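Given next are the chains, with one letter for each unit.
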There are 2 protein chains.
Amino acid sequence: MYNLMPVPSRLIISGEPYVITPDFRISITGNPDQRLYVQASRFMRRIGEKTGFFLDKQGYVTLADTSISSPLLIKVKRPGKLELHENENYSIEINSQQVEVTAETDLGAIHALETLMQLVSVNENGYYFPGVVIVDEPRFAWRGLMLDVVLHFMPMDVVKRTLDGMAAVKLNVLHLHLSNDQAFRVESKQFPQLQMISSNGLYFTQENIREIVRYAGQLGIRVVPEFVSPAHTTAILHAFPELASVKKNYALERYFGVFDPVMDPTNEKVYSFLDKLYSEMAALFPDRYFHIGGDENTGKDWEKTPHIKTFMTAHHMRSYMELQTYFNKRILPIVRKNHKIMMGWDEILQPGVPQDVVIQSWRGNDAFYQSIRNGYQAILSYGYYIDLIQPAAYHYSNDPLPDTVKLSGEEVKRILGGEATMWSEHVTPETVDSRIWPRTAAIAERLWSPQDVRDTRDMYRRLDVASLNLEALGLKHLSYKPAMLRKLANGYDARALEVLVNVIEPLKIYERNEGDTMYTVFSPYTKLADVATPDQPLPRIFNQQVDSFLKSSSSILAVTISKQLELWKDNDPLFLITLHHSPILNEAALLSKNLSAIATAGLAAMKFIQEHKRAGNDWLREQQILLKKAQQQGGRCELQVVIPIEKLIGAAGK
Amino acid sequence: MYNLMPVPSRLIISGEPYVITPDFRISITGNPDQRLYVQASRFMRRIGEKTGFFLDKQGYVTLADTSISSPLLIKVKRPGKLELHENENYSIEINSQQVEVTAETDLGAIHALETLMQLVSVNENGYYFPGVVIVDEPRFAWRGLMLDVVLHFMPMDVVKRTLDGMAAVKLNVLHLHLSNDQAFRVESKQFPQLQMISSNGLYFTQENIREIVRYAGQLGIRVVPEFVSPAHTTAILHAFPELASVKKNYALERYFGVFDPVMDPTNEKVYSFLDKLYSEMAALFPDRYFHIGGDENTGKDWEKTPHIKTFMTAHHMRSYMELQTYFNKRILPIVRKNHKIMMGWDEILQPGVPQDVVIQSWRGNDAFYQSIRNGYQAILSYGYYIDLIQPAAYHYSNDPLPDTVKLSGEEVKRILGGEATMWSEHVTPETVDSRIWPRTAAIAERLWSPQDVRDTRDMYRRLDVASLNLEALGLKHLSYKPAMLRKLANGYDARALEVLVNVIEPLKIYERNEGDTMYTVFSPYTKLADVATPDQPLPRIFNQQVDSFLKSSSSILAVTISKQLELWKDNDPLFLITLHHSPILNEAALLSKNLSAIATAGLAAMKFIQEHKRAGNDWLREQQILLKKAQQQGGRCELQVVIPIEKLIGAAGK
């Protein structure tokens, strides 16, 4: 009935709706942080923009707005602290007289406002809030999104609208990945060379960072910075080659992947450098958590450097991993003296690492529970790698604490939550929204809603609505597509291209990179695989229709399916006209041809099925070859309708 | 044949094209400013993005890239200065071996790169530059766009993409309107109250301003700031009421228009304040020109304040305009000592104002030529008010120096050029692109191209291409529309709404304001009049088709026209379904009903015409009533197809 995402803990339908009128006003009582006034004022504008009402009478919600008879009354006990485990609970009570929000902290009240935005409904009387009572609280305290701004830089407007989207689905941690082999993305006043020569001019100034932290804080979102060491540091070594294990000049890395350059853990200058740098950066980010990366050290540059080998021998270290543990133990006091809690990826978890570090788990659920059982607090990112183009359903089914895992009460407490990770090898400011949204809303629900909220079909129904709500908030995951299609069609009619693009998806996991090294920071991301989005709705719907048809033999579905197949069958000649005007589409030609071919096969299969005839074995064998061909990639994309058509052909053979 | 906009001075078709391959590279010889390396590198990426080629071999064009055999060779004599009248000429020579750009300064070379982007063409061999020789120079030296960031604030990403668009059509001045009654939009370290209490948190930091100036400078664009005085200063008087003529507390103005609050020209503190403020701001903007506004002083607060009246009497001033001249004369030394040239709107031109100020003319072409004849340099903005929703053809026909005006050679030299003005009462960051683009490209052509380039139909043909090129560069004037339609349709099918929106335009000139005070800074700009764009192509094309049909009786056109009319006739019931789900569309109901009604009338007229029958007088009279009704506004919009349908009905009566 409702389209709420994430689903609240409890919702009771209680009675009469509250009708929204141009007299809508907001009052706030109690003792909230000032951020609630900012968000309440913004809520006022959003209601105005949605309804078209001129709600100009209350330009800003202020300390003076305390009338308890306002249409929307928000009651908050105390200012929320931007800390892990802060109270984010809220309740909403709607009746025909008033909408009342109650929360311990303004953080809860801000979540309530987002729930209210999603509740706005329409009937013959206009816009209203339905008569419900909602009592809501998060399942996990750490609900994050990691945004990589290194592999491709993401400017301020992307960061800000990403924060808006996060708040809309009740995520509360933005983890910024700020340094890697390709660049260092924050202005350092201690080491200005970092941004001057190791960012190609694309970095956040300290003023920018303060603005991000301020903007996030007003939405109730913490900002956790990550500065990777000791590997993934080519950009730092470009500016300071004397810190490297292998002494040479380092160019900024232009490819993406795992590389050998690494800091020299035997060099005391490395620690004094990191002391200064981390202390400067720690002061810039007020959050208690500080992420030092620690992942993907190949160890090669350590193993091949004599003085480092000598050091390892002298300290009885049997592998480079023990050396990295030594390195991490040296870093820990730096982080601690800045009053921060150290975080790192799985790899920092080695014997001897103190239990007050937090593990971000990316290598598998086993590694995650091992961290937990070993006494570490941890957040789960494995299964939430949204850069890998997997469907929302896959991420949605990935529960940090499923029934199947048996943990003690203490262990359960150490599961802090999870983080979606938006690595930016293959995304640009133009396409990044389409990789984050709407799928991240499904992850947000997994981390917020009760464990038993896991109906995938209902999730998708609500995800489609969430997607539009996110667009209304300013996200570009829908509007970028027609713009890119127009570009790809080079000014000509893009409709045939659109038909094709709606049934393909970019290659998943790490398949987009041929041999891992095809793309660089200079590559064009304006191609077929960039306009194609993950988790296409049309193939999902078509697949459901085929399943239903094969069960029910519904003649209405038969018409729908056949019409769809006809469209695909006839699309290739139209596509070829567009291609004629736009050679960049050459890589799509095979996909278009194959779509046409399997649609033709699907239509023939429909005929067999509807005429209750059995297709001959020769024909079936031919179609199998066709289907196999249709699995080929083109332009680093693949057709998403092979499986449902295969089902039709299979049915024709019975 | 070509789609260049603005049209170059000379273009000669010379021979073989240059085919673009993945080996494309750029060399630069001579002595350009560093900005050319930035833009050449960017050009490299744009070619990669357009063609899909992985041009990763040349990540950046650097000082080392001087090989004279590169596919694109750019030869520049000297660094361009960002000054009025700097040399912006360039030439391009394309043959099968090479593309060669020659320019006196890098400013010319950057224009050449934009011309080259527009030249990229497609044939059976792929992408190529056609074999042409182009020799080009601007007609006017000052080709500007004024962006008002006060009435609605425009964040950095809007400013930057606006600059990108400006460079693409060879505009070279961004005039930023930075203070007015509603806000003061720049951080002042001298008077931090200005941004702290008079901006509602929406202002550019000094770092932001430096970034805008830097970014513009790299594109060859000057940035001229405007800080209005003595009127339009409510935001300053909110922070510093002691500077006002009438002593009281001033709230920030929330309405748009002309208001009485004004600085006290008899108060020496006003001049010491403006001395500090203007000196601080002058240092922030390196351009030689400094705009002090000076417009729309009602004089009322001067006339009604005894000590100001006394001052006027003592100084033998007969009107408040003489007092404003006094004020301006006091401001002039402040501007001069900062090594700036003072600019102002028409109103600053009063007897006694020195001739080294520059007039920006907005009150009519007569005022413009009067300034010129009186010895002032001037730029024309009258006729370029793009906020008034007039068609590109109107602005295009507005020549700063038409044949009809007789001026001496010296006078002609004083015509510096013109500026489109984007006042932001009724635009937000979401809609502003659709008000600036593509129409401003037509104004840019008027200011750049030879006077005899004035074929409106050809302008529109090229404007449609320019519009897509601007989108490819990142402008949102096309992609914002489907996003807004989805919002307006509240998640339901937006197609019927789209049909309607494609034939309406927002009310023009100042008609959108009912009684001038309907809208405030808090009003929703997410309504019908915001998704409707100026200068709709479909009504223009439909009108042309009707004209051609009435001349030729072409049966193909008859079918096209009838099909279009059928679509409109049948749209209202579909629209009503959308409306049912989205009450915000109520204001569109009348327009939809009227569209349906006049389309029905148009179809009947077509029948009369095609059957060579004459419609009866009663019927004709009824249709006239219908047509008159159809001119009514709805949602501050009006139907754009009444005139062509009126033509059909007229023809049916003959």
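So, here's what we can say about the structure. (Residues numbered from 1 in each chain as written. Chains lettered and ligands numbered in written order. Predicted model: local features only at pLDDT ≥ 70, side-chain atom pairs only at ≥ 80, totals over all residues. Heavy atoms only, no water.)

**Considerations on the overall build of chain A**
For chain A, the count of helices and strands is 25 helices and 17 strands. Taking 2.2 N^0.38 as the reference for a compact globule, 654 residues should give roughly 26 Å; the C-alpha atoms of chain A span a radius of gyration of 27 Å, in line with that estimate. Here chain A holds 654 residues, and the buried ones make up 61% of them. The contacts of chain A with a sequence gap of at least 6 include a subset with a gap of at least 24, amounting to 76%. When the accessible surface of chain A is totalled, it reaches about 24,600 Å², and 54% of it is carbon and sulfur. The distance from the centre of the 71 positive side-chain charges to the centre of the 75 negative ones in chain A is 1 Å. (Helix = DSSP H or I, 4+ residues; strand = E, 2+ residues; numbered from the N terminus. Rg over C-alpha atoms; globule rule 2.2 N^0.38 Å. Buried < 20%, exposed > 50% of the residue type's maximum accessible area, 1.4 Å probe, protein only. Contact = heavy atoms within 4.5 Å. Areas by Shrake-Rupley, 256 points an atom, 1.4 Å probe, with all protein chains shown as cover. Lys, Arg positive; Asp, Glu negative; His and termini not counted. Charge placed at Lys NZ, Arg CZ, Asp CG, Glu CD.)

**A closer look at the relation of the copies chain B and chain A**
Expressed as a screw transformation, the operator carrying chain B onto chain A has a rotation angle of 180° and an axial translation of 0.0 Å, and the superposed copies differ by an RMSD of 0.0 Å. The operation mapping one copy onto its partner corresponds to a two-fold rotation axis. Relative to the rotation axis, the C-alpha of Ser479(B) is the closest in chain B, positioned 2.8 Å from it. Mapped onto chain A, 100% of the interface residues of chain B again fall at the interface, so both copies present the same surface. (Least-squares fit on C-alpha atoms with pLDDT ≥ 70 in both.)

**Examining the interface of chain B and chain A**
Across the boundary between the two partners, chain B contributes 44 residues, which contact 44 residues of chain A. Together, the buried faces of chain B and chain A total about 3,700 Å²; carbon and sulfur atoms form 61% of this surface. For the pair chain B and chain A, the number of links is two salt bridges. The closest approach of N and O atoms between Glu471(B) and Arg486(A), which form a salt bridge, is 2.6 Å. At the level of secondary structure, the elements contributing two or more residues to the side of chain B that touches chain A comprise helix H1 (35–51), strand S7 (126–136), helix H5 (206–218), helix H16 (456–472), helix H17 (480–488) and helix H22 (571–581) of chain B. The dominant element in the side of chain B that touches chain A, judged by the number of residues it contributes, is H1(B), at five residues. In the side of chain B that touches chain A, the residues fall into 16 nonpolar, 17 polar and 11 charged. (Buried area = accessible area lost by both parts, 1.4 Å probe. Salt bridge = Lys/Arg side-chain N within 4 Å of Asp/Glu carboxyl O. Nonpolar A, V, L, I, M, F, W, Y, C, P; charged D, E, K, R; others polar.)

**Digging into the sheet that holds strand S9 (residues 173–179) of chain A**
Residue and element names in this part refer to chain A. Taken together, the eight strands give a closed barrel; going around it, the order is S8-S9-S10-S11-S12-S13-S14-S15, and neighbouring strands pair in parallel fashion. Each adjacent strand pair in this sheet contributes to an overall mean axis angle of 30°, direction not counted. With six bridges joining them, S9 and strand S10 (residues 222–229) adopt parallel strand pairing. By the bridge assignment for S10, Leu-174 is matched with Val-223. Helix-sheet contacts for helix H3 (residues 156–168) involve strand S8 (142–148) and S9, and the interaxial angle to S9 is about 155°. The strands touched by helix H10 (residues 320–337) are S10, strand S11 (289–293) and strand S12 (341–345); relative to S12, the strand with the most contacts, the crossing angle is about 145°. (Pairing = 2+ DSSP bridges. Axes fitted to C-alpha atoms, helices over the stretch in contact; angles between N-to-C directions.)

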